[in-house]
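# Tertiary structure, described
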Amino acid sequence: MYEPTHEPDPVRRRDRGLLRVGSTTRRTASAATAAALLLGAGYAHVLPSVSSLASDAVEHSSGDHQRSQAPANAPGSTTQQPQTTSGAS
């Protein structure tokens, strides 16, 4: 793989080292991106109910707003006087 060379020129050694680090960084970033995409696709395939729940929510929010229902227990009227509470003692 890597064979250390004993070059007398420190600039060339530095340049080779930078190239080696750069290629390793690119390979690592590519592998991480591919792994993230594969995991995302796998989770999306395993959890299909999440996408169906999201589509149901969109359908309900964009559905008919004409069918408004009255609340089950409408507030009733009372014969008591209103009460107020003050913070003074």
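For the structure itself, look to the data block above.
Residues numbered from 1 in each chain as written. Predicted model: local features only at pLDDT ≥ 70, side-chain atom pairs only at ≥ 80, totals over all residues. Heavy atoms only, no water.

Our focus in this paragraph is the overall build of the protein. When helices and strands are tallied, the protein shows two helices and zero strands. Summed over all atoms, the accessible surface of the protein reaches about 8,800 Å², with 59% contributed by carbon and sulfur. (Helix = DSSP H or I, 4+ residues; strand = E, 2+ residues; numbered from the N terminus. Areas by Shrake-Rupley, 256 points an atom, 1.4 Å probe, with all protein chains shown as cover.)

This part covers a nonpolar patch on the surface. On the surface, Leu 39, Tyr 43, Val 46 and Leu 47 cluster together into a nonpolar patch covering about 430 Å² of accessible area. Counting through the fold element by element, Leu 39 comes out in helix H1 (residues 10-46). (Patch = residues over 30% accessible without salt bridge, like charges linked within 9 Å, V, L, I, M, F, W, Y side chains within 5 Å. Salt bridge = Lys/Arg side-chain N within 4 Å of Asp/Glu carboxyl O.)

Enumeration according to the criterion identifies one salt bridge in this entry. Asp 15 is the salt-bridge partner of Arg 14, the closest N and O atoms lying 3.2 Å from each other.

Any functional reading would require information beyond the geometric quantities listed.
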